[in-house]
Amino acid sequence: MRSMRTALVLAAVAVLGFGPAAAQDVIKIGAIGSLSGGGTAWGLAIKRGAEIALDEVNAAGGVKVGDKTYKVELVMYDDQYTGQGGKNAAERLVHQDKVKYIIGPIGSGPVVSTIAVSTPEKVLVLSNGYTPTILRNEFKAAYNFRFTLTNLEYAPNMMKWVKENLKLKKVGILVPNDAIGQSVAPALIKLYKESGIDVVADFYERGSKEFSPLITRMMAAGIDGFDINFNAPGEAGLMVKQARQIGFDKVIFQMGGPSVPEIIEVAGKQAEGFISYEMFDFDAPTAQPLVKAYRAKYGAGIINSQTPAFYNATKVLIEAMRRAGTIDDTTKLRDTIEKIEGYDAGVYGPLKWTGKEIYGVDHQVKLPFFIVEVKDGKAVSRATLTMD
Amino acid sequence: MLTNTTILGQIVVNGLNLSAVYILVALGFTLLFGIMRVVNFAHGEFAMLGGFAFYYLYAVLHVPWLLAVVLGAVAVAGPSLILEWLVFRWFYHKMFQSMIGLLGLSLVMTYTSLLVWDVFERNVPSAFDSILRFQGVIIPMDRLVTIGVSLAALGAFYFLMVHTKIGLAMRAAAQDVEIALTQGIDARKIYRWSFFVAVFLAALAGALYGQIYAVSPFMGERPLFVAFIVVILGGMGSIPGAALGGIILGFTESLLGTLYGGSVASYASFGIVILLLIFRPWGLLGTRE
C-alpha cells in the first residue's frame, strides 16, 4: 500500500512538472484573454492561436536559444473582458508565475490594465485592443506591440471602398446609449461626413433586442445603407435580421466587428448580401495549414478570425528568442522584434511595423484586410485592401 | 422613402407584435401576485428555462414547432412545482419577504444555467421566414405567428379563468382567501394550479422571445423588466390590466421609437410609469388597497 502511495505522489510530482530536470528546459509564456463572459470567443482565439504555434515548436523538438534547446508552455488566465480582470491576470503572471512575455489580451480595458502592470517589470505584451492609448501612452509603449489592426488603420481605406462600391448618399447607424456608443458615434459620423455621406444616427438602450421601430425610423428618413458599425455579435445579428424582416432592401454592412459567422447564424437567410470588414481570409491557400491544425486539435466549429493574429504573435516571439539568443533579456527581445520586419510566420506574409505617425512608436503591425459578402449562407471574399 | 401610410402601418404591426409578447410575459407575473401575493423576481428565469426547453425540442430534437412551444412550456411548468414546494409556498402572502427570497432564487437559477449552458447566446433557426406584404405594409411571418400564439394563449387563459370550476376557485381565492377556504376551496390545490399556469405562461413567452431574439442564461432580465412595467401600468394582480398595460407599452415603444427615436421611447415609458405611481399607484385597472 505504502509503495503504491509513494508511486502516486512521485507520479503527481512528475506530472506537475516539479522534476528538477524538466523545469530547467521549459519556457513559460503567459497569456491573458476572456475565458468567461461575452468575450469568450476572443479569449479562446488567443489560447488556441498560441497553442497551435507552441505545439509546432514542441513538435519540432523545441526552440534553440544560444546553445540550449527549450520546450515551450502556455500559462493563461481569464480577464473576464474587464480592466480589473486584466490587472489581476497580469499581476499573477508577472509576480507569481514570473513570466517574461504575455500573449493577448483582446479589448481596450484588459490591455490597458495589463500593460500598466507589465511595463514597469519589463514584461513584453503582444496584444490587440482598439484604443490608441495602448501604444500612445506614458510608457511610450516601451514593451508592448499590437498584432491586429484598429479602426484607425482600416477605416479610412474601407470608407473609400464603401464610397466607391456601395455608392451611398445617406447611411443609418444604431449605437448603444452608453459610454462606448457615445464615444464611438461622433468619430464614425465625422468620417462619413468627410466622405460626403450623410448619416442618420440613433441610440438604443443596452439590453434591448428590438430594433424594428428604430430601423423603420431610419428607413423613413431615406437611408440607402445600414452600417452595423461596432455592435457586438448578438445585437449585430438581430439588426440584420430585423431590418430585412421589416422590408429594408438596401445594403447592410459592418465597418467594425467582425462577426460574420455569428451574424449568419442569427440572421439565417436574411444575412444574404451582408457585407463586412474581415480580419482574415480562411479560404486563402496560406491559411490552410493553420485551419488544418485547428481542426485536428479543436474539431469543427467557427474559427474566430482573431486566432491567426495570436498564432502570428506567438511565432514572432519564438523567432525573436532564436535570433536574440536570450530568453530573459526582454529589452534585447523587444529590439529584436522591432527589427524582425520581413519575417513570415506563414499566415500573413512578411511582417511590417507601422504606427510612428499616429502613436509615436512603430509597434503597430501592418496587415492587409478584407471585405467579405455573404453569398448562399457563406462569407465570400469581395476585396482585399491594404492600409496604404 | 416610405409613405406616411406605410409608416403608420409599420408602427401598428410592430406595436401589435411587441404588445403580444409583453402581455404574455406579464400575465403569469400578475397572476401570482393576484392570488398568492408574491412578487416573483424569478419570473424572467422561468421564461429563460422556457426558451431553453423550446430550443432543445425545436432546434436540437426537431419536434414540430407548435408542439415544441407547448411541450417546452409544460416541461418547465411541471418540474417547477418542486420549486413551488421547496421555495415559493413559504412566501405566499408575504410580499416583502417574497421579493428578497425570490430575487435570491432568480440569481441561483441564472447562475446555475450559466454553469450548465455557458454564457453565449443560442439562436433558434427561424421557423417562418417568409414575409407578407399587404398594401405596402410588411409583416414578417414569424411575428404574425407570435401574435397568433399569444392570442390563443390569452383566449385559453380567459376560458380557464371564467368558464371552469378551477378558474372560479382561483378568482375566489384572489378576492379573499379566508372566505374561499370557508366555502370548501382547497387553497393548496388552487395555489399549485395557479403556479403551474403562471410558469406555463412565462415559459411560453420565453419560447416566443427566444425564437424572435436569442436564448441565453441572461435572457430573463428583459422579460422581468417588461413584466414589471406592464403590471405597474395595468395594476398589480389585475389580468385585464396586464393586457391593457402590454398594449400601452408595446404601442408606446413602437410609435415613439419610430417617430422620435429609442431614447424618447424609453423616456416616455418610464415617464408614464412614474406619473401613474404618483397619481394612481394601484394602476389603471388595479384595485385600490
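Below: a short report on this structure. Fair warning: this is a prediction, and the values are worked out from it, not measured in the lab.

### As for the overall build of chain B
- The number of helices and strands found in chain B is 11 helices and 2 strands.
- Helices and strands in chain B line up, N terminus first, as α-α-α-α-β-β-α-α-α-α-α-α-α.
- Computed over the C-alpha atoms, the radius of gyration of chain B is 19 Å, within 12% of the 19 Å expected from 2.2 N^0.38 for a compact globule of 289 residues.
- Judged by the C-alpha coordinates and their principal axes, chain B covers about 65 × 50 × 35 Å.

### What about the overall build of chain A?
- When helices and strands are counted, chain A shows 14 helices and 15 strands.
- Its C-alpha atoms give chain A a radius of gyration of 23 Å, near enough to 21 Å, the size a compact globule of 388 residues would have.
- Referenced to the eigenvectors of the C-alpha coordinate spread, the extents of chain A come out at roughly 80 × 55 × 40 Å.
- In chain A, the share of contacts with a sequence separation of at least 24, taken over all contacts with a separation of at least 6, comes to 65%.
- Across chain A, the mean location of the 45 positive side-chain charges is 2 Å away from that of the 42 negative side-chain charges.

### A few points about the environment of G220(B)
Residues and elements named next belong to chain B.
- Position of G220 among the secondary structure elements: in the loop between α8 (187-212) and α9 (221-234).
- Classification of G220 by relative accessible area gives buried; the value is 1%.
- Along the backbone, G220 and L49 are 171 residues apart, and their C-alpha atoms lie at a distance of 8.7 Å.
- If near-sequence neighbours (up to four positions away) are discounted, G220 is found in contact with G44, E45 and M48.

### Points about the interface of chain A and chain B
- Taken residue by residue, the interface counts 32 residues in chain A and 30 residues in chain B.
- Summed over both sides, the interface between chain A and chain B buries roughly 2,500 Å², with carbon and sulfur atoms accounting for 52% of that surface.
- In this assembly, chain A and chain B are joined by 1 salt bridge.
- Of the charged contacts, one joins R143(B) and E210(A) as a salt bridge, the two residues approaching to 3.1 Å between their closest N and O atoms.

### Some points on the packing of helix α3 (residues 40-59) of chain A against helix α12 (residues 307-324) of chain A
All names here are of chain A.
- Where α3 meets α12, the axes come as close as 7 Å, and the angle between the chain directions of the two elements is 40 degrees. On the basis of their axis angle, the class for α3 and α12 is oblique. The way α3 lies across α12 gives a crossing that is right-handed. The residues of α12 that touch α3, namely those facing A45, I46, R48, G49, A50, I52, A53, L54, E56 and V57, are T307, F310, Y311, T314, K315 and I318.

Parameters at a glance
- Residues numbered from 1 in each chain as written.
- Chains lettered and ligands numbered in written order.
- Predicted model: local features only at pLDDT ≥ 70, side-chain atom pairs only at ≥ 80, totals over all residues.
- Heavy atoms only, no water.
- Helix = DSSP H or I, 4+ residues; strand = E, 2+ residues; numbered from the N terminus.
- Rg over C-alpha atoms; globule rule 2.2 N^0.38 Å.
- Contact = heavy atoms within 4.5 Å.
- Lys, Arg positive; Asp, Glu negative; His and termini not counted.
- Charge placed at Lys NZ, Arg CZ, Asp CG, Glu CD.
- Buried < 20%, exposed > 50% of the residue type's maximum accessible area, 1.4 Å probe, protein only.
- Buried area = accessible area lost by both parts, 1.4 Å probe.
- Salt bridge = Lys/Arg side-chain N within 4 Å of Asp/Glu carboxyl O.
- Axes fitted to C-alpha atoms, helices over the stretch in contact; angles between N-to-C directions.
- Parallel < 35°, antiparallel > 145°, perpendicular 65-115°, else oblique.
- Left-handed = near helix turned anticlockwise from the far one by under 90°.

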